[in-house]
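# Residue-level structure breakdown
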Amino acid sequence: MSADTTTPAKVPPQRQAPPPRVSGAPRRRRTANGAGIPWLLLAPCLLVLALVMGYPLVRLVTLSFQSFGQSQLWGFKPAEWVGFDNFSGILGDGEFWGVVVRTIVFAAGSVIFTMVAGMALALLQQKVSGWVKTLINVVLVASWGMPVIVATTVFKWLFDTDYGVFNALLSRLPGVDMVGHNWFASGPQGLLVIMLLVVWGAVPFVVITLSAGLTQVPQELEEAARLDGAGAWGVFRYVTLPILKPIIVMLTTLSVIWDMGVFPQVFVMRGGHPEADFQLLSTYSYDRAFVVNDYGQGSAIALVTVVLLLGVVAVYMRQMLQIGEVE
Amino acid sequence: MSALTTDAPRKPTGGRRKSKVGWNLLGLLVFVVVGFPLYWMLDTAFKPAKDAIDPDPSLLPTGITLDNFRRALDIADFWGPVGRSLIVSLSVVVIGVIVGLLAALAISRFAFRGRKIVIVGILAVQMVPLVSMIIPVFLLLNDLDQYDKLSGLVITYLTFILPFTVWTLRGFIVNIPKELEEAAMVDGCSRTGAFIRVVFPLLAPGMVATSVYGFIQAWNEYLYALMLLSQEHQTATVWLGNFTTKHGTEYAPMMAGATMMAVPIVVLFLIVQRKMAAGLTAGAVKG
């Protein structure tokens, strides 16, 4: 911002429609009308993003079309272009499709669970007394702030086979004996526990955002609907929900993106080596690259994940830009 | 539960019927269920190790001891990883907020060609699933000779927090009326002077909140810390993730380690979360 100190004080803050700029590297001496200033301000940010996001993103695409292994990593051999070999390799692999389906089911389950629980809690927050609301808010924010790794180790402990408190509590119910039950013996059960962990971590953000949204719903509208004979469900369905729609769209798309990329929860829960039954796209890609040392195929898998998410990202961006526009 | 400070509005909301009791009971149930993992972490961390391996554990605290913390600190170097995490997170935040503020000013206070593209670009970057980027980022840092260096991790984390930082600061800046700046400029301030004397003080709380968010994000990151640093330079999250001993996983010391890692962060988060919300809603002209 110091670039502007030379401008006389009473010059109006900006000119509309400055001449077109070409690149993000703003080495122009344009103090006259200040068109270069925004680019000067943006430069550091754009540089960092281009270096550690832009370039790797391009590299991810090129890697997917290359054979890149240990010897390329050490620079003994140059990377070799192999066309669609990596893709035909993974697409022809039955295990890969299993992983894709598992990831989608896992993410869909987590998102739905998160959104429904989040909405229910947000509505409940409106019904309870102030002190209960405060109590709930404190645990919500506290669990939101918990580092994922901490939460994962805590859940590992809760669901431990021999000394986990969850098994002990279940076994206290009449007729239930879960002593020594191993939740991670099979993929589906283990992933259910991991889903619970993901949802537990994700719900607070949803509840707090939705609660803020709920306070914006005009009381008069709800009242009017009630006078017109709408029941609690009707008011929710035809008044509350439509008003909250932008927030819900935003939260859902964000959750999809996050839940498709769940990694540390699975990785740490399975001690760094998730079994075949537990592999999601994220861990599968990691395994391919860093365990099997096939960086090309690992990248191809990651790229497929990104492509799968593009549609969701588009929806999110539209919503955010609309919100931005309103401001 | 733990002595977490609460002073949120407690209105009596008088004049409601008895039906509130039912909702309150349900609310308390939610409180217990959601809070249980936190409670159990603290409970295990402070209970004698032998009580922790009870197949039918008592749900209430059985006695308080610091042995587990001592054991956790013994098993592996704790302060080294914590120190590294602190260095990385603080560097990320300081650089991130400065760089982010400049960018946020550009997109919120200037009208220029390409502004929309920049905004879309920044939002799009935020949407890239970070897990997918680990392979090329790893190779890039390897090529730049930044593998196993804290600086490599700092620049990587910077890209993680920048989009969020820019977007949030933009929100705070937009809420400060331009007229305030213009008034200062009419009174003879330069544009920079107007920014420093008028906008900056109003922006400060938002910047603090944004920094803490960024700090927490950097502090909590796991995958990149695991991949970009060798075992001997591991950060706190990786330290906890690898927490095993010769005797397998000792859960009581592990929960002590978890407590040490989580409590400062959670407290920080509890404080800032309110500020953040307040900052987002408060009007700019407040005296």
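All values reported here derive from a predicted model rather than from experimental measurement.

A count of helical and extended segments in chain B gives 12 helices and zero strands. Starting at the N terminus and ending at the C terminus, chain B contains elements arranged as α-α-α-α-α-α-α-α-α-α-α-α. In chain B, buried positions account for 46% of the 287 residues. For chain B, contacts bridging at least 24 residues in sequence account for 76% of all contacts bridging at least 6.

We now examine the overall build of chain A. Helix and strand counts for chain A come out as 13 helices and two strands. Within chain A, the proportion of its 327 residues that are buried is 41%. Considering only contacts in chain A between residues 6 or more positions apart, those separated by 24 or more positions represent 63%.

This paragraph deals with the interface of chain A and chain B. Across the contact, 89 residues belong to chain A and 94 residues belong to chain B. Counted by class, the side of chain A that touches chain B contains 64 nonpolar, 18 polar and seven charged residues.

This part is about the UniProt feature "domain: ABC transmembrane type-1" (unreviewed entry) in chain A. In the numbering used here, UniProt assigns the "domain: ABC transmembrane type-1" (unreviewed entry) feature to residues 100–316 of chain A. Along residues 100–316 of chain A the backbone is 77% helical and 0% strand, and the end-to-end C-alpha distance reaches 22 Å.

Looking now at the UniProt feature "transmembrane region" (unreviewed entry) in chain B. All names here are of chain B. Mapped onto this numbering, the UniProt entry annotates "transmembrane region" (unreviewed entry) at residues 21–42, 86–105, 117–141, 153–173, 194–216 and 251–272. Along residues 21–42, the helical share is 100% and the strand share 0%, with 30 Å between the first and last C-alpha atoms. Between the C-alpha atoms that bound residues 86–105 the distance is 28 Å, and the span itself is 100% helix and 0% strand.

What follows concerns the packing of helix α4 (residues 79–109) of chain B against helix α9 (residues 191–220) of chain B. Residues and elements named next belong to chain B. Two numbers describe how α4 lies on α9: the axes approach to 9 Å, and their chain directions differ by 140°. In this view, α4 runs oblique relative to α9, as classed from their interaxial angle. Crossing of α4 against α9: the hand is right-handed. In this structure, α4 contributes S85, V88, S89, V92, V93, G96, V97 and L101 to the contact, and α9 contributes M207, T210, S211, G214, F215, A218 and W219. Split by residue class, the contact of α4 with α9 holds nine nonpolar, six polar and no charged.

A word on the UniProt feature "transmembrane region" (unreviewed entry) in chain A. Mapped onto this numbering, the UniProt entry gives "transmembrane region" (unreviewed entry) at residues 37–58, 96–123, 135–159, 191–214, 235–258 and 295–317 of chain A. End-to-end, the C-alpha atoms of residues 96–123 of chain A are 40 Å apart, and along that stretch the chain is 100% helix and 0% strand.

Attention now moves to the confidence of the model for chain B. Residue and element names in this part refer to chain B. Averaged over every residue, the pLDDT of chain B is 84; the share at 70 or more is 88%. Note on residues 1–15: pLDDT under 50 across the span, and 19 contacts to partners over four residues away in sequence or across chains. Scored below 50 in pLDDT, residues 279–287 shows 10 contacts in the model against residues more than four places distant or in partner chains. The complex model carries a pTM of 0.83, and its ipTM stands at 0.82.

Accessible area lost upon the coming together of the parts is a frequently used measure of interface size. All names here are of chain B. Here the domain parsing of chain B yields domain 1 (19–65) and domain 2 (73–281). Each of domain 1 and domain 2 has a C-alpha centre, and these two points are 32 Å apart. Counting residues at the interface gives seven residues for domain 1, matched by six residues for domain 2. Breaking the side of domain 1 that touches domain 2 down by element, the ones donating at least two residues are α1 (19–46) and α2 (49–52). Ranked by residues supplied to the side of domain 1 that touches domain 2, first place goes to α1 with four residues. The class makeup of the residues in the side of domain 1 that touches domain 2 is five nonpolar, one polar and one charged.

This part is about α1(B). For α1(B), built from 28 residues, the straight-helix expectation of 40 Å at 1.5 Å per residue is met to within 8% by its first-to-last C-alpha distance of 39 Å. Residue F36(B) marks the point of greatest curvature in α1(B), where the axis turns by about 50°; the proline P37(B) follows within four residues.

Here we come to the environment of A194(B). Residue and element names in this part refer to chain B. In this structure, A194 sits in helix α9. The spatial distance from the C-alpha of A194 to the C-alpha of T210 is 22 Å, given a sequence separation of 16 residues. If sequence neighbours within four positions are ignored, A194 has contacts with E181, A184, M185 and C189.

A separate point is the packing of helix α5 (residues 130–145) of chain A against α1(B). Look at α5(A) against α1(B): their axes get within 9 Å of each other, and the N-to-C directions meet at 25°. It follows from the interaxial angle that α5(A) and α1(B) lie roughly parallel. Relative to α1(B), α5(A) is oriented so that their crossing is left-handed. Two secondary-structure elements touch here, α5(A) through V132(A), L135(A), I136(A), V139(A), L140(A), A142(A) and S143(A) and α1(B) through N24(B), G27(B), L28(B), V30(B), F31(B), V34(B), G35(B) and L38(B).

Take unusual backbone geometry next. Excluding glycine, a negative phi dihedral is what most residues carry, and trans is how most peptide bonds are arranged. Positioned with a positive phi, N293(A) is a non-glycine residue whose angle comes to about 65°. Inspection of the secondary structure puts N293(A) in the loop between α12 (281–291) and α13 (295–326). Not every positive phi belongs to a glycine, and D148(B) is a case in point at roughly 65°. Within the element layout of this structure, D148(B) appears in the loop between α6 (134–143) and α7 (150–174).

Scoring rules and cut-offs
- Counting of residues starts from 1 at the beginning of each chain's written sequence and follows it residue by residue.
- Chain labels run from A onward and ligand labels from 1 onward, assigned in the order the entries are written.
- Since the coordinates come from a predicted model, pLDDT governs what is reported: local features require at least 70, and pairs of side-chain atoms require 80 or more to be given and counted, while whole-chain, interface and lining totals use all residues.
- Working definition: helices are DSSP H or I runs of at least four residues, strands are E runs of at least two. Numbering for both runs from the N terminus.
- A residue is called partly exposed when the number of other C-beta atoms within 10 Å of its own lies between 12 and 20, exposed at 12 or fewer, and buried at 20 or more, with C-beta atoms placed from the backbone.
- Each residue is represented by a C-beta atom placed from its backbone, and any two residues with such atoms within 7 Å are regarded as in contact.
- In this count, Pro and Cys sit with the nonpolar residues alongside Ala, Val, Leu, Ile, Met, Phe, Trp and Tyr, while Asp, Glu, Lys and Arg are called charged and the others, Gly among them, polar.
- UniProt positions are given in the numbering used here, feature names are shortened, and annotations may be inferred rather than shown by experiment.
- Note on definitions: angles span 0 to 180 degrees between N-to-C directions of axes, and those axes are lines fitted to C-alpha atoms, for helices only across the stretch in contact.
- Under this scheme an angle from 65 to 115 degrees is roughly perpendicular, one under 35 degrees roughly parallel, and one over 145 degrees roughly antiparallel; angles in between are oblique.
- In this scheme the crossing of two helices becomes right-handed for a clockwise turn of the near helix relative to the far one and left-handed for an anticlockwise turn of less than a right angle.
- pLDDT is a per-residue confidence score from the predictor, ranging from 0 to 100.
- Each domain's extent is set by a domain assignment, obtained either automatically or from a database.
- Residue count minus one, scaled by 1.5 Å, sets the expected span of a helix.
- The bend reported for a residue corresponds to the angle between axes fitted to the seven residues ending at that residue and the seven starting there.

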